[in-house]
Amino acid sequence: MERSSGILLPLFSLPSPYGIGTMGLAAYDFADLLHAAGQRYWQMLPLGPTSYGDSPYQSFSSYAGNPYLIDLDLLIEDGLLTEQEVCDRDWGEDPRHVDYGKLYENRLDLLKKAAERGWMRDSGAVAGFTEKNASWLPDYALFMALKRHFGMKPWQKWPDEAVRLHDPAALVRYRELLREDVELFTYIQFLFFRQWTALKSYINSLGIGIIGDLPIYVAMDSADVWAERSMFRLDSRGVPTEVAGVPPDYFSKDGQLWGNPLYDYDAMKRDGFGWWIRRVDGASKLYDVIRIDHFRGFDAYWAVPYGETTAKNGHWVKGPGMSLVGVLTSWFPQLRFIAEDLGYPTPGVQQLLQDSGLPGMKVLQFAFENPEENDFLPHNFVRNCVCYTGTHDNDTTLGWYKHAYEASKDKLRRYFSTDGYDICWIMIRACFGSVANMAIVPMQDVLCLDSWARMNTPGVGEGNWAWRYKEDALTHKLEARLYETCKMFGR
C-alpha cells in the first residue's frame, strides 16, 4: 500500500436540497475537492438500503444500493421526474441533518413514478442488469415486495410459512402476485447502479480510489438471511439461538448488542466459503479498497444468548481465522483490504493480522485515553497500517478533546508540545506525518466541528447517521490547507 491519504465522508453527508446527500452534483464536487487537495482516497460507509434505526450497518441486503442515495436531479434530467414533483415534497428544514422520516414518507413514491415512466423505455438495459446480477437481485426485489405486502414486518413474522421458508413454489406464486412491486424494486436498483457506475468512473478518473466498509455481519431482517438460512445459526423457525455483539469496552459499559445472526461457519467451510466469495465480489463492484469491519470477529466472536437486553452475558467463540481470510485475499488479488482490528488486542487477533498481511487501524484519539505506552501513539506505528484521527464511532476530534479527561488532554499537549489550540489540525498533521502508509481523516475533523456533528454513538439507537455539511463548507482555503499538509508529509 503506497503512502497516501484520504477523507472519510458518507454519501448521505453531502449537501443537497432533497434531505440527504446523493450521487449527484455535490458528490462530483467533493471528488474534485479531493483531487485538488492531493487526496488519493474517499472512504465511505456502507451503501446498502437501511432499515429501522437508519444504520448503514443494518441493511436489507449486502448487495443492493440505498434508494435514498439516488439523485433526483439526475432523474429530472433523464425525464423520469419533473422538477415540480420533486420540489413539492417536504424534505425537512435542517440542511445539516438528514430527516429520515421525511425520506421514508416521500422518496419511494417518487421512485415509483420514475419506474412507471422508465420501465418500458429501459427494458433492454434492465434485462441486462438483471441477468448480470441474477445471484442476488431477484431474491432482493421479491424480498422487498413481500415486506411491503406484509406491512414491512420482519420476514420471520410473515404469516405465510411457505414463503417465509423460501419455498420455491411460493416464490413463483408471489413473484407473479407482486409483479408490480418486484419490478419497482428491480428498477430502483437499476437506477442506483447506473448512477453509481457513472460516479465511481468519474472518481477513479481523478486518480482517487473508493474505500468501502464491509460489515462483518448482515442484518437479521435481510434478503441475505431469508434466502440463505442454511449459512446462519438459526432454528427451524428462523430464530437465532445466539446473536452478535461485543462485550463492554471503551464505547459502552454494557457492551454493544448488535442482534445480527451468527454464521454457521462449518456449513460455510463445507461450501468453500462461497457465500463470502459472492459477498466480497458484490462489494468489489462498489469499492476499490474494502475495510473489513470488526476483523477481530474472524479470530473470535462474541455470542450473546437470544433475548438478552445487553451484550454483557455473551461468551467468546472461535472464528474461522485464516481459513476464511486466506480464501478472500487469494480469491481477490486485485482488491486491497483494511482490517478494522480495534477492540481487545488479543494475541490471536494480532497473529491473524500478521498472517493475513493486512494493514490494521490506528486511531489517534485512543493514544491519549490510556496513560500508559500504547500502540496508538504515532512513534509506535508500523508502516503497514492506516492512521485515523477518529472513526464514525468516535466523537469528532474537537468534541472528544473538549470532553476528555484532563489527564488525556495533558498527555496530548505534552506529546505534541502544544497548548491545544487548533486541535483538529494538530491531530490531522500527526496522522499525515506518521509512518502509516495511509492516513484517513473524517470530514468533520477537517471542518473542525464539535460533537453535534458526531456520526454515531454506539449503543444509542436513535439520532445517528444524520450529519451533513453545508454547501458553503468547501472553500479554496480548506482545499489549500489539505493540499499543503498532504504535500508536506509526502502523501
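This report concerns the structure included in the present document. Numbering of residues begins from 1 in every chain and follows the order in which that chain's sequence is written. Predicted model: local features are reported for residues with pLDDT of at least 70 only, side-chain atom pairs are reported and counted for 80 or more only, and whole-chain, interface and lining totals are derived from all residues. The basis for every side-chain value is the complete set of heavy atoms in the structure, and neither hydrogens nor water enter the calculation.

Buried together is how nonpolar side chains tend to be arranged in soluble globular proteins. Put simply, a nonpolar core is a bunch of buried Ala, Val, Leu, Ile, Met, Phe, Trp, Tyr and Cys residues held in one set by side-chain atoms that sit within 4.5 Å of each other. Note on classification: 1.4 Å probe, protein chains only; a residue is buried when its accessible area is under 20% of the maximum for its type, exposed when over 50%, partly exposed between these limits. Of all hydrophobic cores here, the largest spans 163 residues; its most connected members are L11, F30, W42, W196, W276 and F298. Elements are defined by DSSP. Helices are runs of H or I of four residues or more, strands are runs of E of two residues or more, and each kind is numbered from the N terminus. Residue contributions to this core peak at 12 residues, all from helix α9 (residues 179-205). Between two residues, a contact is recorded if the distance between any of their heavy atoms is within 4.5 Å. The contact partners of W276, leaving out residues within four places of it in the chain, are L214, I216, Y263, Y265, M268, F298, L324 and L328.

Turning next to the packing of aromatic side chains. Two aromatic rings from Phe, Tyr or Trp, using only the six-membered ring of Trp, form a pair when their centres are within 6.5 Å; if the ring planes differ by under 30 degrees the pair is stacked, by over 60 it is edge-to-face, and anything between is tilted. Inspection of every chain in the model, using the stated rule, returns 38 aromatic pairs. Between W119 and Y187, the aromatic rings sit 6.4 Å apart at their centres with planes inclined by 65°, giving edge-to-face as the arrangement. Of this pair, W119 sits in the loop between α4 (100-118) and α5 (123-132) while Y187 sits in helix α9, and the two are 68 residues apart along the sequence. Residues W158 and W226 carry aromatic rings whose centres are separated by 5.7 Å and whose planes lie at 65° to one another, so their mutual orientation is edge-to-face. Of this pair, W158 sits in the loop between α6 (137-149) and α7 (161-164) while W226 sits in helix α10 (residues 223-227), placing them 68 residues apart in sequence. Exposure remark for W226: the relative accessible area of 1% places this residue in the buried category. Any Lys NZ or Arg CZ found within 6 Å of a ring centre and within 35 degrees of that ring's normal is scored as a charge over the ring. R96 extends its terminal NZ or CZ atom over the ring of W452, reaching a point 4.3 Å from the ring centre. If you follow K362 out to its NZ or CZ, it ends over the ring of F376, 5.8 Å from the centre.

This part covers the sheet that holds strand β12 (residues 438-442). Paired strands, in this sense, are two strands between which DSSP finds at least two bridges. Taken together, eight strands build an open sheet; the order of strands is β9-β6-β3-β2-β1-β12-β11-β10 and the sheet is parallel. Bordering the open sheet on either side are β9 (336-339) and β10 (360-363), each of which pairs with just one other strand. For this sheet, the mean angle separating the axes of adjacent strands, direction not counted, is 25°. Pairing of β10 with strand β11 (residues 385-388), which is carried by four bridges, proceeds in the parallel orientation. When the sheet's bridge partners are listed, M361 is paired in β11 with V386. Between N-to-C directions, angles span 0 to 180 degrees; the directions come from axes that are lines fitted to C-alpha atoms, helices contributing only their stretch in contact. Along the sheet, helix α1 (residues 25-36) makes contact with β1 (4-8) and β2 (41-43), crossing β2 at roughly 135°.

Time to look at the packing of α4 against α9. Two elements in contact, α4 and α9, have axes whose closest approach is 9 Å; the angle formed by their N-to-C orientations is 90°. Taken together, the axes of α4 and α9 are roughly perpendicular relative to one another. Touching L108, L111, K112, A114, A115 and G118 of α4 are L184, F185, Y187, I188 and L191, all from α9. For the contact of α4 with α9, the residue count by class is nine nonpolar, one polar and one charged. Roughly parallel means an angle under 35 degrees; roughly antiparallel, over 145; roughly perpendicular, 65 to 115; everything else is oblique. Throughout, the ten residues Ala, Val, Leu, Ile, Met, Phe, Trp, Tyr, Cys and Pro are labelled nonpolar, Asp, Glu, Lys and Arg are labelled charged, and all others, Gly among them, are labelled polar.

At F273, a position not held by glycine, the phi torsion is positive, near 55°. Within the element layout of this structure, F273 appears in the loop between α11 (265-270) and α12 (274-284). Under the relative-accessibility criterion, F273 is labelled buried at 4%. Residue W465 is not a glycine yet carries a positive backbone phi of 60°.

So, on to the sheet that holds strand β5 (residues 256-261). The four strands are arranged β5-β4-β7-β8 in an open sheet whose pairing can be described as antiparallel. Looking at the sheet topology across the chains shown, the edges are occupied by β5 and β8 (315-318). If you compare each strand with its neighbour and ignore which way they point, the axes differ by 50° on average. Pairing of strand β7 (residues 300-305) with β8 involves four bridges; the strand directions are antiparallel. Looking at the pairing, A300 lines up with K318 of β8.

The next subject is the pattern of salt bridges. Here, a salt bridge means any Lys or Arg side-chain nitrogen found within 4 Å of an Asp or Glu carboxyl oxygen. As enumerated under the stated definition, the model contains 27 salt bridges in all. We note a salt bridge from D160 to R173, for which the minimum N-O separation is 3.3 Å. Placement of the pair is D160 in the loop between α6 and α7 and R173 in helix α8 (residues 168-177), with a sequence separation of 13 residues. Through salt bridges with shared partners, a single ionic network connects D78, R121, D122 and R194.

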